[in-house]
Structure formats: C-alpha cells, structure tokens
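Each chain, written out:
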Amino acid sequence: MKSKKIPAVLLTVGCFIFAISGCGKSACKPVGIDSNYKCHADMTQGDITYSADFQRGNEKTWKAVFTAPETIEGMAVTLSEENCSIDFKGVSYSAPRSEFPQLGILNLFTLALEQCYDQSKVKSYKSGNVITQQGKIEGMDFKAEFKNNKLKKIDIGNNITIKIT
C-alpha cells in the first residue's frame, strides 16, 4: 500500500513545482533594437522563402532590399507609417501604406520590428540567455527571440518564420 502512495505523492509534488516554476521562464524587461537597426532576414511563409537586407530609418520608416529569390533580387521597398514605395529595375511605384498588403510578410515583419523597437506593447520572458517578446500585429500573435540581447528570430501567426542575422 505504501509503495502506491509514494509515486502519487512524488507526481503531485513534481506537478506543483513545475506549475510554480513556469518552466524556467520569468517576466523581464524587454530588449530593444536600435533606432538605426540593420539586419539580414530570411523570411519563410508556407514553402516560399524571401531574403532581404533591412534598415530602420527615421520616424518608423523601414527599407528592405531583396537578395532572394532571384526573380526579385534588387527590389527595394520602403515603408513609412503613411506611404509605401517600390523600386525595381528602374521602375518606381508609390502608394499610401493602406494599399500595401496588410497581411503580407513585409508589412507584418516591419510592424513586429517596430514593436520590438517601441517595447511598450510587448510582454517579455527570460529563460537562460533567451528573451522572448510576445505581441500582436494585425490581429496575429508574434513572438520575437533575442539571444544574448540580439534579435535572432520572429514567428508570426502559424506560418511565418523569420530568421535574422
């Protein structure tokens, strides 16, 4: 009879410790990105991957220059809070940002980056040397992972993964 009670007690104690420990995660202060942040990103949506170099400019402006796939290599897209412009092979197009695909990978990524810069709309958790920031953009959840205080990855919704170097 005693031998059946010991595993049950150990299981209960283990569950209690697991529940109060939060799996080793604890709330922490968000990690920010610089106002002139630059990075290279490999953005995967479904089974399509795009690569681009990003740079943050003044007043929530982001510029992306695509490096892959080959069909759009060299395309430059600039997104400000109000406008969007695209330059590709000598052809330019500008429009209000509201006409740009709101659920497109570029818009979602730059909105997530802007929240990482602003820090006011994200919740942050630390586990080891990884800080995870969680927020919401265009009605979708996103998660940004910082390792050693450097942004390394952003997951948006269920099918967008962005690896950052």
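Residues numbered from 1 in each chain as written. Predicted model: local features only at pLDDT ≥ 70, side-chain atom pairs only at ≥ 80, totals over all residues. Heavy atoms only, no water.

Draft legend 1. Main features of the side chain of S80. If you trace the backbone, S80 turns up in the loop between strand 5 (76–79) and strand 6 (83–88). Residue classification places S80 among the buried positions, given a relative accessible area of 17%. (Helix = DSSP H or I, 4+ residues; strand = E, 2+ residues; numbered from the N terminus. Buried < 20%, exposed > 50% of the residue type's maximum accessible area, 1.4 Å probe, protein only.)

Draft legend 2. Main features of the packing of aromatic side chains. Enumeration over the complete set of coordinates arrives at three aromatic pairs. Ring plane angle 70° and centroid distance 6.5 Å describe the contact between Y37 and W62, whose orientation is recorded as edge-to-face. Placement of Y37 in the loop between strand 1 (26–27) and strand 2 (38–45) and of W62 in strand 4 (residues 62–68) is noted, with a sequence separation of 25 residues between them. Assessed through its relative accessible area of 2%, W62 is described here as buried. Taking 6.3 Å as the distance between ring centres and 75° as the angle between the ring planes, the aromatic pair formed by Y50 and F66 counts as edge-to-face. Of this pair, Y50 sits in strand 3 (residues 48–56) while F66 sits in strand 4, and the two are 16 residues apart along the sequence. The exposure class assigned to Y50 is partly exposed, which follows from its relative accessible area of 24%. Overall, the relative accessible area of 8% leaves F66 in the buried class. The ring of Y117 carries the charged tip of R56 above its face, separated from the ring centre by 3.7 Å. (Phe/Tyr/Trp six-rings, centres within 6.5 Å; stacked < 30°, edge-to-face > 60°. Lys NZ or Arg CZ within 6 Å of the ring centre and 35° of its normal.)

Draft legend 3. Structural context of helix 2 (residues 105–118). For helix 2, spanning 14 residues, the distance from its first C-alpha to its last is 20 Å, which sits close to the expected 20 Å at 1.5 Å a residue. Counting buried positions over the 14 residues of helix 2 gives 11, a clear majority of the element. Along helix 2, the residues that are buried comprise I105, L106, N107, L108, F109, T110, A112, L113, E114, Q115 and C116. One or two residues past the end of helix 2 sits Q119, with phi positive at roughly 70°. (Expected span 1.5 Å × (residues − 1).)

Draft legend 4. The sheet that holds strand 1, seen in detail. Spatially, 1-8-9-10-11-12-2-3-4-5-6-7 is the arrangement adopted by the 12 strands of the open sheet, whose pairing is antiparallel. Only two strands of the sheet have a single partner each, and these edge strands are strand 1 and strand 7 (91–96). Pairing geometry for strand 2 and strand 12 (residues 160–164), over five bridges, is antiparallel. Note that in strand 12 the partner of T44 across the bridge is T161. Of the strands in this sheet, strand 2, strand 3, strand 4, strand 5, strand 9 (130–137), strand 10 (140–147), strand 11 (150–156) and strand 12 touch helix 2, which is tilted by about 120° from strand 9. (Pairing = 2+ DSSP bridges. Contact = heavy atoms within 4.5 Å. Axes fitted to C-alpha atoms, helices over the stretch in contact; angles between N-to-C directions.)

Draft legend 5. Fine view of the pattern of salt bridges. What the rule picks out here adds up to four salt bridges. R56 is the salt-bridge partner of E114, the closest N and O atoms lying 2.6 Å from each other. Of this pair, E114 sits in helix 2 while R56 sits in strand 3, and the two are 58 residues apart along the sequence. In this pair, the class of E114 matches that of R56, namely buried. Salt-bridge contacts for K60 lead to E81; the nearest nitrogen and oxygen are separated by 3.5 Å. Here K60, found in the loop between strand 3 and strand 4, pairs with E81, found in the loop between strand 5 and strand 6; they are 21 residues apart in sequence, far enough to count as distant. Classification of K60 as partly exposed rests on a relative accessible area of 37%. Overall, the relative accessible area of 48% leaves E81 in the partly exposed class. (Salt bridge = Lys/Arg side-chain N within 4 Å of Asp/Glu carboxyl O.)

What is shown is where atoms sit, not what they do.
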